[in-house]
Each structure stands twice: as structure tokens, then as C-alpha cells.
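These are the residues of each chain, in order.
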Amino acid sequence: LNQIAATMIGWARDVGGKDMPLMGVGGVHDGASAKRLLEAGADVIQLYTALTYQGPAVLAKIKQALTPSA
């Protein structure tokens, strides 16, 4: 689901341009899947299912995966 969502975000970004806000939704359950949608062009991502199954700890895991190492 996440790869399909990334493809659609990329398409929407191409069609809508850089000024259209996009939310990445679909298959976000870890840092890699969140990063895939952000790199495809999403401005924000939805984590509803990840929060439901993994709890609030998933936020720290995703944040750590998306934060560049110092």
C-alpha cells in the first residue's frame, strides 16, 4: 500500500505543483515508509493506523528515522 501511495503522491505533486499541500496516507508504519511518502512529495503524513497498533512510541521511532544524524 505504501508504494502505491508514494506513486500517487508523486503524480499529484507533478500535476498540482509545489504549492499544493499534500498529505501522505497509506501504509505508514515506520520511518522508512514515512520517508518514502515525504520523498515522493507529501508535506505531512497520516499515522492513524500506526498509532492504533503501535501506540505513541511509533512517533519517536519515526522521528528518529527522519532526523539526520549529527
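Quick caveat, the model's predicted, so the values are computed rather than measured.

A. Region of interest: the side chain of Arg-13. Along the chain, Arg-13 turns up in helix 1 (residues 2-16). The buried category is assigned to Arg-13, whose relative accessible area is 15%. At 2.6 Å, the side chain of Arg-13 forms a polar contact with the backbone oxygen of Gly-41. When residues no more than four places from it in sequence are discounted, the contact partners of Arg-13 are Lys-18, Asp-19, Met-20, Leu-22, Ala-40, Gly-41 and Asp-43.

B. Structural view of the pattern of salt bridges. Counted according to the given criterion, the structure contains 3 salt bridges. With a shortest N-O distance of 3.9 Å, Lys-35 and Glu-39 are connected by a salt bridge. Of this pair, Lys-35 and Glu-39 both sit in helix 2 (residues 31-40), 4 residues apart, which is roughly one turn of that helix. Residue class for Lys-35 comes out partly exposed when judged on its relative accessible area of 41%. For Glu-39, a relative accessible area of 59% gives the class exposed.

Rules behind the numbers
Residues numbered from 1 in each chain as written. Predicted model: local features only at pLDDT ≥ 70, side-chain atom pairs only at ≥ 80, totals over all residues. Heavy atoms only, no water. Helix = DSSP H or I, 4+ residues; strand = E, 2+ residues; numbered from the N terminus. Buried < 20%, exposed > 50% of the residue type's maximum accessible area, 1.4 Å probe, protein only. Polar contact = N/O pair within 3.5 Å; in protein donor to acceptor, adjacent residues only side chain to side chain. Contact = heavy atoms within 4.5 Å. Salt bridge = Lys/Arg side-chain N within 4 Å of Asp/Glu carboxyl O.

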